[in-house]
Amino acid sequence: MDSETLSEHVFRRIQAAIVKGEIAPGSKISEPELARTYGISRGPLREAIHRLEGQKLLVRVPHVGARVVSLSHAELIELYEIRESLEGMACRLAAERMTQQEIDELRRVLELHEQDAAFKAGVGYYQQEGDFDFHYRIIQGSGNRTLAKLLCDELYQLVRMYRLQFSATPNRPHQAFAEHHRILDAIAERDGELAELLMRRHIGASKRNIERHYKEALTTSSKTRGDS
């Protein structure tokens, strides 16, 4: 395996570990430790780390080095506000521009999601990436390369990290699936205005879910401090 291929391989493995929470948010990245773990020299490893910084999964802290991103509540809400606006726009454009074949493929993606074991059990939503991701396919279907670069490249893995983290909220998986179907129906009917509205509502519901999660965590923390 040449150094370029090795760097790509390690990049993908570390990326997956961060997105899935196997490397915890806020963790300090130790180059010697990662080099030992993945059996890679420091050159290809640094290239992988640089790419992860570009995806906003790692942040460089002065005098500390690289750490896994850990967004504050306010920063996470800002990220979802960006998604709400830009993915709404992407959805409107997708309704205008997606081919019938692309729409049919998107419907098959939802059929695949419905068969997922975690989804059937009500404990999570299908979280594969790229072409198996409902949101990714719509953004690509918008035909807007700037939107695709921002949402499917620069912010994509960061968004996935938090989508995974909050996907197991009770009742949310089946609600999200029903919302996806309504969005797809609007796209299929070429109703861009409705498609945009439904996507904005869908991401807005996820944002409110996050806000509830933080409020409950604060309440639990306050009670714990009060009991101690």
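Refer to the structure presented above.
Reading the values: the criteria
- Residues numbered from 1 in each chain as written.
- Predicted model: local features only at pLDDT ≥ 70, side-chain atom pairs only at ≥ 80, totals over all residues.
- Heavy atoms only, no water.
- Helix = DSSP H or I, 4+ residues; strand = E, 2+ residues; numbered from the N terminus.
- Buried < 20%, exposed > 50% of the residue type's maximum accessible area, 1.4 Å probe, protein only.
- Contact = heavy atoms within 4.5 Å.
- Areas by Shrake-Rupley, 256 points an atom, 1.4 Å probe, with all protein chains shown as cover.
- Salt bridge = Lys/Arg side-chain N within 4 Å of Asp/Glu carboxyl O.
- Core = buried A, V, L, I, M, F, W, Y, C linked by side-chain atoms within 4.5 Å.

### Comments concerning the overall build of the chain
Then, number 1: In terms of regular secondary structure, the chain is built from 11 helices and 2 strands.
Then, number 2: Along its sequence from the N terminus, the chain presents helices and strands in the succession α-α-α-β-β-α-α-α-α-α-α-α-α.
Then, number 3: For the chain, the residues scored as buried account for 45% of the 228 residues in total.
Then, number 4: Taking the intrachain contacts of the chain between residues at least 6 apart in sequence as the baseline, contacts between residues at least 24 apart amount to 75%.
Then, number 5: On the chain, roughly 12,200 Å² of surface is accessible, and the fraction owed to carbon and sulfur atoms is 49%.

### A look at the pattern of salt bridges
Then, number 1: Inspection of the entire model under this criterion finds 13 salt bridges.
Then, number 2: Where Glu-31 meets Arg-42, a salt bridge forms, and the shortest distance between an N and an O atom there is 3.2 Å. Of the two residues, Glu-31 is situated in helix α2 (residues 31-38) and Arg-42 in helix α3 (residues 42-54); the sequence distance between them amounts to 11 residues.
Then, number 3: Take Arg-42: its relative accessible area is 35%, and that puts it in the partly exposed class.
Then, number 4: Residues Arg-163 and Asp-133 are paired through a salt bridge, measuring 3.1 Å at the closest nitrogen-oxygen approach. Here Arg-163 is found in helix α9 (residues 156-166), whereas its partner Asp-133 is found in the loop between α6 (117-120) and α7 (134-141), with 30 residues between them in sequence.
Then, number 5: Judged by its relative accessible area of 3%, Asp-133 falls in the buried class.
Then, number 6: Here the salt bridges share partners, and the residues they tie into one network are Glu-8, Arg-12 and Arg-51.

### A closer look at the nonpolar core
Then, number 1: Formed by 52 residues in total, the largest nonpolar core has its most connected members in Ile-14, Ile-138 and Ile-187.
Then, number 2: When neighbours within four sequence positions are excluded, Ile-14 is seen to be in contact with Ile-23, Leu-34, Tyr-38, Leu-45 and Leu-52.

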